[in-house]
Amino acid sequence: MTHDPISGRRLGVLISGRGSNLQALIDAIADGRLDATIAVVISNRDGVEGLERARRAGIEAICVSHRGWPSRDDYDRALVNELQARQVDVVCLAGFMRILGAPMIAAFPKRVLNIHPALLPSFPGVDAQRQALEHGVKIAGVTVHLVTSDLDSGPIVLQRAVPVLDEDTEDTLSARILVEEHRAYPEAVTIVLDEAWAIEGRRFVRLGRREGAASTARPPAGN
């Protein structure tokens, strides 16, 4: 199925911590590389740095704790309600340490993006950089993918490779991968918003810009 450029450009960003990839999106919007608006930032943990990043940028930032809900799906529905109340078009997971289920995927079909610090399908889940080092790979990297019901298994929008050095530690490799994350995420969001694309099996196939797609040359949308 072909997906034309998305007319709505309101992002909802889900975080659990410091929000460095959130900051990359904020910066890309501010300097015109990403033509979008961040409508809301939601964290499942209160008091985290990412919420303050958003508020400093004039973005609404709220905590919706994952604790106390009867089920994971009930928590997902609460997130969906908050996102839909703000007319969010695309959901960006930026260090959100929760597995999303059917309610979120159904509410935003093929419009939930995640960024993962590995070249999927290698090293899904947590501690991807440590997994890469322990396995002895020579190339690591970052993946931006569409979210499905299977962990870190959705169609891949964009990948960037990072060499693994013999002297690398988990910290040094993580730091170099993070630099590429901050470049890759705004670019991947732009692809999903501005280009026509199709899902063929597991493949995300770019079909190029279509007439009527927004141009990043326009003044950036406000927050």
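Residues numbered from 1 in each chain as written. Predicted model: local features only at pLDDT ≥ 70, side-chain atom pairs only at ≥ 80, totals over all residues. Heavy atoms only, no water.

Enquirer: Outline the overall build of the protein chain, supporting the account with residue identities and numerical values.
Expert: Helix and strand counts for the protein chain come out as 6 helices and 10 strands. Radius of gyration (C-alpha) of the protein chain: 17 Å, near the 17 Å computed for a compact globule of 223 residues. Dimensions of the protein chain, computed from the C-alpha atoms along their principal axes, are close to 45 × 45 × 35 Å. Summarising the internal contacts of the protein chain: among those between residues at least 6 apart in sequence, 64% fall at separations of at least 24. For the protein chain, the exposed area adds up to about 10500 Å²; of that, 49% sits on carbon and sulfur atoms. Looking at the protein chain, you have 26 positive and 29 negative side-chain charges, and the mean spots of the two groups are 2 Å apart. (Helix = DSSP H or I, 4+ residues; strand = E, 2+ residues; numbered from the N terminus. Rg over C-alpha atoms; globule rule 2.2 N^0.38 Å. Contact = heavy atoms within 4.5 Å. Areas by Shrake-Rupley, 256 points an atom, 1.4 Å probe, with all protein chains shown as cover. Lys, Arg positive; Asp, Glu negative; His and termini not counted. Charge placed at Lys NZ, Arg CZ, Asp CG, Glu CD.)

Enquirer: I'd like to hear about the packing of aromatic side chains, residue by residue, with values.
Expert: Across all of its chains, the model carries 2 aromatic pairs by this definition. Ring centres 6.2 Å apart and planes at 55° place the aromatic pair Trp-69 and Tyr-75 in the tilted group. The class of Tyr-75 is buried, set by a relative accessible area of 2%. Measuring from ring centre to ring centre gives 4.8 Å for Trp-197 and Phe-204, while their planes differ by 25°; the resulting arrangement is stacked. For Trp-197, a relative accessible area of 2% gives the class buried. With a relative accessible area of 9%, Phe-204 lands in the buried category. (Phe/Tyr/Trp six-rings, centres within 6.5 Å; stacked < 30°, edge-to-face > 60°. Buried < 20%, exposed > 50% of the residue type's maximum accessible area, 1.4 Å probe, protein only.)

Enquirer: Help me get a handle on unusual backbone geometry, residues and values and all.
Expert: Backbone torsion omega between Leu-120 and Pro-121 reads 15°, so that peptide bond is classified as cis. Mapped onto the elements of the fold, Pro-121 is located in the loop between β6 (112-116) and α5 (128-135). Although it is not a glycine, Lys-110 adopts a positive phi angle of roughly 55°. If you trace the backbone, Lys-110 turns up in the loop between α4 (102-107) and β6. The exposure class of Lys-110 is partly exposed, given its relative accessible area of 38%. Unlike most non-glycine residues, Asp-152 shows phi in positive territory, near 50°. Tracing the sequence through the fold places Asp-152 in the loop between β7 (139-146) and β8 (156-163). Classification of Asp-152 by relative accessible area gives buried; the value is 11%.

Enquirer: Residue-level account of the nonpolar core, with values.
Expert: Of all hydrophobic cores here, the largest spans 43 residues; its most connected members are Ile-38 and Val-41. The element best represented in this core is helix α6 (residues 170-194), accounting for 9 residues. Ranked by size, the runner-up nonpolar core spans 20 residues in total, among them Ile-42, Leu-79, Phe-96 and Leu-100. (Core = buried A, V, L, I, M, F, W, Y, C linked by side-chain atoms within 4.5 Å.)

Enquirer: Quick rundown of the side chain of His-116? Include the residues and the values.
Expert: One can find His-116 in strand β6. On the basis of relative accessible area, His-116 is assigned to the buried category, the value being 4%. Residues in contact with His-116, not counting those within four places in the same chain, are Phe-123, Pro-124, Gly-125, Ala-128, Gly-141, Val-142, Thr-143 and Asp-152.

Enquirer: Tell me about α5, and name the residues and values.
Expert: Here α5 has its buried residues at Ala-128, Gln-129 and Ala-132. Projection of α5 onto a plane perpendicular to its axis shows the buried side chains occupying an angular sector of 100°, all on one side. Buried residues along α5 sit against β6 and α6. Among the residues trailing α5, Gly-136 stands out with phi positive, at a value near 85°. (Arc of directions from axis to C-beta.)

Enquirer: Requested: an account of the packing of α5 against α6, with residues and values cited.
Expert: When two helices pack together, their arrangement is given by the angle between their axes and by how far apart the axes lie. Orientation of α5 relative to α6, taken along the N-to-C sense of each, is 120°, at an axis distance of 9 Å. One way to sum up the angle between α5 and α6 is to call them oblique. Relative to α6, the crossing made by α5 is right-handed. Together, Gln-129, Arg-130 and Leu-133 of α5 and Glu-170, Leu-173, Ser-174 and Ile-177 of α6 make up the contact between the two elements. Here the residues of the contact of α5 with α6 sort into 3 nonpolar, 2 polar and 2 charged. (Axes fitted to C-alpha atoms, helices over the stretch in contact; angles between N-to-C directions. Parallel < 35°, antiparallel > 145°, perpendicular 65-115°, else oblique. Left-handed = near helix turned anticlockwise from the far one by under 90°. Nonpolar A, V, L, I, M, F, W, Y, C, P; charged D, E, K, R; others polar.)

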